[in-house]
Amino acid sequence: MQKLNSLLPFFYIGFHLSGTVTEPAMQSEPETVCNVAISFDRCKITSVTCSCGNKDIFYCAHVVALSLYRIRKPDQVKLHLPISETLFQMNRDQLQKFVQYLITVHHTEVLPTAQKLADEILSQNSEINQVHGAPDPTAGASIDDENCWHLDEEQVQEQVKLFLSQGGYHGSGKQLNLLFAKVREMLKMRDSNGARMLTLITEQFMADPRLSLWRQQGTAMTDKYRQLWDELGALWMCIVLNPHCKLEQKTSWLKQLKKWNSVDVCPWEDGNHGSELPNLTNALPQGANANQVFVRAADPIGAARHSTSRMPFNLGFGGCQMSVFDKANLSSRPQRTVFTRAIEACDLHWQDRHLQRIVSSARYADCCPHGGADADADSSLFDARGWPLWHEHVPTACARVDALRSHGYPREALRLAIAIVNTLRRQQQKQLEMFRTQKKELPHKSMTSITNLEGWVGHPLDPVGTLFSSLMEACRIDDEGFPGFSDFTENIGQCKLAEYQHLPAHKFLEEGESYLTLAVEVALIGLGQQRIMPDGLYTQEKVCRNEEQLISKLQEIELDDTLVKIFHKQAVFLLEAGPYSGLGEIIHRESVPMHTFAKYLFTCLLPHDAELAYKIALRAMRLLVLESTAPAGDLTRPHHIAAVVPNRYPRWFTLSHIESQQCELASTMLTAAKGDVRRLETVLESIQKNIHSSSHIFKLAQDAFKIATLMDSLPDITLLKVSLELGLQVMRMTLSTLNWRRREMVRWLVTCATEVGVYALDSIMQSWFTLFTPTEATSIVATTVMSNSTIVRLHLDCHQQEKLASSARTLALQCAMKDPQNCALSALTLCEKDHIAFETAYQIVLDAATAGMSYTQLFTIARYMEHRGYPMRAYKLATLAMTHLNLSYNQDTHPAINDVLWACALSHSLGKNELAAIIPLVVKSVKCATVLSDILRRCTLTTPGMVGLHGRRNSGKLMSLDKAPLRQLLDATIGAYINTTHSRLTHISPRHYSEFIEFLSKARETFLMAHDGHIQFTQFIDNLKQIYKGKKKLMMLVRERFG
């Protein structure tokens, strides 16, 4: 209204308000004048029109402005009677004048319609004359007509369709969530359009073409889209649980839900496939009357139907027993869709007297002492203090709370939430007593692993989140925060509070308790519940996501002494409740791990009770799904039920996330235990026992190393040792497996051992075979240990240096024996300063040269020997390498050519005898003509042994090509050229002719080195002309060049 300029003229006629709204001009837009019309009925706007053309599901600013003006300034808007009443007061002449003036003013718009109506009125048999009276849009609806707020259904459908077509881009998911929030707002205001709007939204969701595509392709829908479907299902649950809806409404909703549920593409509840698990949880019965009612888990809403009777019952908080029939038919159950729970909830009602009294009165309690004949019956309805309890399948009971909140009954929702939490706490105490009794009766027998098939955290109905939110809202809103209308209860005063403060006003709270403590406690109960990991990627991710969201909300609360007591109480229960707790002594192999929750508990309890904090964290470190064997269960007790889990190998899609949370928990404990030797040893033992990922253990080792070597403090030697132990475990775990970070891990371990001290370095070298491969031990470990930087870093004296060097040499020789191919050179390098060790290493090389070592390795070691001043040993190794080499005629770019040339040059420098010995090896190993000719020319340029051993100079006489050993090399070279020529001519193409002619030119140079080379080459060319006379063009080029 502040931006809109004027709202004149006004016409308030009967139940119709119209006016002209002028929107002032903006910098880029001119002034806008809009005609607005609003119809209303019984305090509701039933229709709106505006000429602005705005297409949205919400009212435009012009409609809102006109409505607010009428509400805030009613005296300035003159009220007229409905137009029918005004016409009734006119005589015939006035009516004729009224009609004629109306037609004159709007003759171009209404004249055709006026003539049509006139014709029908003058016709005796027209339909218009068969009805008494005439319609009046300003007179309002009949008392029997349905009245509801205006909702542009077409726009709702178009908007939802548009958002869905964007596939999660452009903030469409956020817009759809805003629509869901609008539905909740409508429900809270008791607006009947809430169900209408949700129906329209659902129809568009069901018509989404991607559903069929995903089903055909067998792919899962996106995570954000799946969350929208979850919210859709939860909203329908709230709709059908409206405590004051009419039977015909519920029947209509049920029919529509069943229709959607029967569609093939309707999404399944677990996001991936039909649920094979029962609805009700599977744990111990509770209370003395636990066996009075049994509801089969195949009937997920049956518990709720029974729970509305006055019969004592127990169904929700520990679960229900399952018959053998149920277990055998798990796989045959129909698939559950996102609407299944809402369909089942249509069978629920609010007629139970006990339930009505709980939600309608804050004073409802059992005034009779528990000792009479009805004590057993009353014990299921009230606790020992007389406070009411509500036994029902927990998610279903919490869905009632959510429905009450959603439909504008916050006080009633709060009362039911308190009754549920008190029942949970009573059940928790009974479970603890039962487990303690059993431990006394069976001290030497293993306990059964009991878990809930349907966990509360990550549940589609989010029961724990609902209870937590209901109680937290009561902590931060005052009496004015509750809607003034309530059909359930009389007004009960509430204390005005600041945000998240303790509110001890409710009767059914212990002394010192408040809504805040109750909210925290129920969150801890839900998070600590032992529950089985569900099937499917989406449901597993949802469990992790909801757990983290709930913990995030808890972290917003500042802990005081009262809340610390709650944490202590729940922590003790989690440790002592055995199979009823996710942190008990006995848990099922596939129970959801408690790492994230335990980390939060550890952080909260550490400043107040360190011993308890470490007990919680250490207990939570286990990850049984990765263990080879799971604890066996005791099936001898009738009230001990083994978890109903199909026989399958568990597929934990979130395992990597779970292992990272386990690692985070361990890192938190390591950080907190710095300086405490006993605790560090305990944490180390737990890590080594429970963490199975080498990457995560390596991360923990690095974390411990960083904490131990902080710049602002002296190194913590105990924590450094822990870091080293973890690093050693990583080495052992990854020794025989492939890991792309292995070299990084080895280098880090050496660094860590260096920080620990010289004895750690010596230790890892002494036991290298259990930690490193021979290559790693020589090329990384021993080399780093022997480096000058390590000696300077450790301030080693001569004795310590020699001891380390001795260990390094021993390591090098052992590695060379085990893997001479990869370790021989490193061993020789490490043993350079010790003659005996060096000789031993050299002998190892010689022994391995004839068997496993390649020519590349031998040439490398030979060059090293020459560099170290051992030319004869280099020559020996070079000859051994030549025996392993084989160069074919076309390998003129082989990487070993340089090694062959070097070996020949080395032999030539040593003398004629050495050259004579290596030439037969060259001839045997090398078939490439160009390489042989290169060697031949090099040998003829200088005299062999010009600088021989001991500096002795040989005579300056060049070797003759007509005598051994060069004659053999010359003949081999000529033969190689002949063979190569024939080979190349076999598959030669015209584009290679010029290259071939150049090759023959080089061949002629080699032929001419022999005394009869000219004759040999001429004969060779003649043979080519005769053999390959079919290649006329090539032979013509040969004649031009060689005659």
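Residues numbered from 1 in each chain as written. Predicted model: local features only at pLDDT ≥ 70, side-chain atom pairs only at ≥ 80, totals over all residues. Heavy atoms only, no water.

(A) How the structure looks around the overall build of the protein chain. Looking only at helices and strands, one finds 43 helices and 5 strands in the protein chain. Counting every position in the protein chain, which comprises 1043 residues, the buried fraction comes to 51%. Of all intrachain contacts in the protein chain linking residues separated by at least 6 positions in sequence, the fraction that spans at least 24 positions is 73%. Carbon and sulfur atoms make up 53% of the accessible area of the protein chain, which amounts to about 50,800 Å² in all. (Helix = DSSP H or I, 4+ residues; strand = E, 2+ residues; numbered from the N terminus. Buried < 20%, exposed > 50% of the residue type's maximum accessible area, 1.4 Å probe, protein only. Contact = heavy atoms within 4.5 Å. Areas by Shrake-Rupley, 256 points an atom, 1.4 Å probe, with all protein chains shown as cover.)

(B) Representation of the nonpolar core within the structure. Formed by 206 residues in total, the largest nonpolar core has its most connected members in Leu670, Phe772 and Leu877. At 10 residues, helix H19 (residues 515–527) tops the list of elements feeding residues into this core. Apart from the residues within four sequence positions on either side, Leu670 is in contact with Leu680, Val683, Ile687, Leu700, Ala704, Leu719, Val722 and Leu726. Core analysis: the second largest hydrophobic core is formed by 47 residues, Ile239, Cys245, Cys346 and Leu461 among them. (Core = buried A, V, L, I, M, F, W, Y, C linked by side-chain atoms within 4.5 Å.)

(C) Representation of the pairing of strand S2 (residues 16–23) in the model. Counting buried positions along S2 gives 7 out of 8 residues, so the element sits mostly inside the fold. In this structure, S2 lies alongside strand S3 (residues 32–41), joined through 8 bridges in antiparallel fashion. Counterpart to Gly19 in the pairing with S3 is Val36. (Pairing = 2+ DSSP bridges.)

(D) Examining a nonpolar patch on the surface more closely. A grouping of Phe98, Val99 and Leu102 is seen on the molecular surface, where their side chains present a nonpolar patch of about 240 Å² in accessible area. Secondary-structure assignment places Leu102 in helix H3 (residues 92–105). Here Leu102 falls in the partly exposed class, since its relative accessible area comes to 43%. (Patch = residues over 30% accessible without salt bridge, like charges linked within 9 Å, V, L, I, M, F, W, Y side chains within 5 Å. Salt bridge = Lys/Arg side-chain N within 4 Å of Asp/Glu carboxyl O.)

(E) Region of the structure containing the packing of helix H24 (residues 655–672) against helix H26 (residues 694–708). Contact pair H24 / H26: the axes reach a minimum separation of 10 Å and the direction vectors enclose 25°. When the interaxial angle is binned, H24 and H26 end up roughly parallel. Regarding H24 and H26, the two cross each other, and that crossing is right-handed. Of the residues in H26, those touching H24 at Ser656, Glu659, Ser660, Cys663, Glu664, Ala666, Ser667, Leu670 and Thr671 are His696, Lys699, Leu700, Asp703, Ala704 and Ile707. When grouped by side-chain class, the residues that make up the contact of H24 with H26 number 6 nonpolar, 5 polar and 4 charged. (Axes fitted to C-alpha atoms, helices over the stretch in contact; angles between N-to-C directions. Parallel < 35°, antiparallel > 145°, perpendicular 65-115°, else oblique. Left-handed = near helix turned anticlockwise from the far one by under 90°. Nonpolar A, V, L, I, M, F, W, Y, C, P; charged D, E, K, R; others polar.)

(F) Quick peek at the packing of aromatic side chains. What the rule picks out here adds up to 19 aromatic pairs. Aromatic ring contacts, followed pair by pair, group Phe180, Phe205, Trp214, Tyr225, Trp229, Trp236, Trp260 and Phe339 into a single cluster. Of note, Arg385 hangs over the ring of Trp387, and the distance from its end group to the ring centre comes to 3.9 Å. Sitting over the face of the ring of Phe999, Arg984 holds its NZ or CZ atom 4.8 Å from the ring centroid. (Phe/Tyr/Trp six-rings, centres within 6.5 Å; stacked < 30°, edge-to-face > 60°. Lys NZ or Arg CZ within 6 Å of the ring centre and 35° of its normal.)

(G) Representation of the pattern of salt bridges within the structure. Following the criterion strictly, the structure yields 37 salt bridges and no others. In this structure, the salt-bridge partner of Lys542 is Asp230, at a minimum N-O distance of 3.0 Å. In this pair, Lys542 sits in helix H20 (residues 537–555) while Asp230 sits in helix H9 (residues 223–240), placing the two residues 312 residues apart along the sequence. With a relative accessible area of 13%, Asp230 lands in the buried category. When the shortest N-O distance is used, the salt bridge between Glu454 and Arg341 registers 2.8 Å. Here Glu454, found in the loop between helix H17 (410–441) and helix H18 (463–476), pairs with Arg341, found in helix H13 (residues 340–345); they are 113 residues apart in sequence, far enough to count as distant. The structure contains a network of salt bridges with shared partners spanning Glu269, Arg336, Arg341, Glu344 and Glu454.

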